Amino acid sequence: MEAKKYKDLKLGERGAIISITAYLCLSIIKLIIGNTSDSAALRADGLNNTTDIIASIAVLIGLKLAQKPPDKDHSYGHWKSETIASMIASFIMIAVGFQVLVGAVNSIIQGSKESPDILAGYVGLISAVIMYFVYRYNKKLAEKIKSKAVMAAAKDNISDAWVSIGVAIGIFGSQLNMPWLDIIAALIVGLLICKTAWGIFTQASHELSDGFDVNKLQLYRDLISQLDGVEEIKDIKGRSYGNNEIIDVVILVSSALDIKEAHDIATRVEQVMMKDYDVFDVHIHVEPY
């Protein structure tokens, strides 16, 4: 099972590399066309894609570090590396998001005299189509290898596709003697960058502080309590190491059982959780009922 986990991490690198390639090409095009066509929205979208490059690189580095096997000072492995990388990426994204917002506010204060070139709108539409196909690829890959990091990248991809559509609408709308629509689109892009960054930060900080989905924990409690030989669950806790779930359970069994029988019940719980529910590791403590 562990070997498969490492193999899946290696496959996950493909999604990050494809995202990096797409974002690199699109950010260069958007920043060039955004400046030549004087579109604040397209420039903001280009800056958004530069943060996506950094975020995708962080995911790639995290996936590579997570593949390192346990060593003497990391006995649980390096699974949390991708979560740490995600948090670093969120800080960078927030900084760029604020930069985009400040630029848009300055444009409002200074006033916009003319609408941007319509070419910027077509660039936004083409970008949206490209990011949609990147999203479809990463989503399929994430479902195949059950990777939270790659799925987060896929969600970022589809978010960027919607941002580009919004940018195109703002630019096309500005052609109707409403140049302020381009600036409004830039403001929206800045807010979406900050919102995405905040979502990544909260999820990463939740996992790094050993937070765990209470609904899933209750599900596991119900499942284990129904297994033969388990009289009651005294305590159950969960934590995550990257995409891996670790469950700690204290189960109560009949005091009339001998050590081997109690051990067999604990083994059965481990097998069910690991094989049927893809839990990476289960630590079980047995006490008499």
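Conventions used here
Residues numbered from 1 in each chain as written. Predicted model: local features only at pLDDT ≥ 70, side-chain atom pairs only at ≥ 80, totals over all residues. Heavy atoms only, no water. Core = buried A, V, L, I, M, F, W, Y, C linked by side-chain atoms within 4.5 Å. Buried < 20%, exposed > 50% of the residue type's maximum accessible area, 1.4 Å probe, protein only. Contact = heavy atoms within 4.5 Å. Helix = DSSP H or I, 4+ residues; strand = E, 2+ residues; numbered from the N terminus. Expected span 1.5 Å × (residues − 1). Pairing = 2+ DSSP bridges. Axes fitted to C-alpha atoms, helices over the stretch in contact; angles between N-to-C directions.

Participant: Any details on the nonpolar core? Residues and values, ideally.
Facilitator: With 24 residues, the main nonpolar core has Leu42, Val167 and Val189 as its most contacted residues. Look past the residues within four positions of Leu42 in its chain and what remains in contact with it is Lys30, Ile33, Gly34, Ala120, Val123, Gly124, Val167 and Ile171. Judged by nonpolar contacts, the second largest core, of 20 residues, contains Leu223, Ile224, Ile233 and Ala262.

Participant: Account for the environment of Glu232, with residues named and values stated.
Facilitator: Here Glu232 is to be found in strand S1 (residues 232-241). Relative accessible area serves as the criterion here: at 38%, Glu232 is assigned to the partly exposed category. Setting aside chain neighbours within four positions, we find Glu232 in contact with Val250, Ile251, Leu252 and Tyr289.

Participant: Hey, could you go over unusual backbone geometry for me, with residue numbers and the actual values?
Facilitator: Residues other than glycine predominantly adopt negative phi, and peptide bonds predominantly adopt the trans conformation. Despite not being glycine, Asp210 shows a phi value in the positive range, around 65°. Along the polypeptide, Asp210 turns up in the loop between helix H6 (180-208) and helix H7 (214-225). When its relative accessible area of 40% is taken as the criterion, Asp210 is described as partly exposed. The residue Asp278 is not glycine, and still its phi comes out positive at about 60°. Mapped onto the fold, Asp278 is located in the loop between helix H8 (259-276) and strand S3 (281-288). Taking relative accessible area as the criterion, Asp278 reaches 30% and is therefore assigned partly exposed.

Participant: How would you summarise H6 if you had to cite specific residues and measurements?
Facilitator: When the terminal C-alpha atoms of H6 are compared, their 42 Å separation across 29 residues agrees well with the 42 Å that a helix rising 1.5 Å per residue should span. Burial in H6 covers these residues: Asp182, Ile183, Ala185, Ala186, Val189, Gly190, Ile193, Cys194, Ala197, Ala204 and Glu207. Turning to H6, the residues buried within the fold contact helix H2 (40-66), helix H3 (81-110), helix H5 (148-174) and S1. Looking one or two residues beyond H6, the residue adopting positive phi is Asp210, at roughly 65°.

Participant: Quick rundown of the sheet that holds S1? Include the residues and the values.
Facilitator: Here 3 strands make up an open sheet; going across it, the order is S1-S2-S3 and the pairing mixed. Of all strands in the sheet, those with a lone pairing partner are S1 and S3, marking the two edges. Neighbour-to-neighbour, the strand axes of the sheet open up by a mean angle of 10°, direction not taken into account. Note: S1 against strand S2 (residues 244-253), 9 bridges, orientation antiparallel. Within S2, the residue paired with Lys237 across the bridge is Asp248. Those strands touched by H7 are S1 and S2, and its axis lies near 135° from that of S1.

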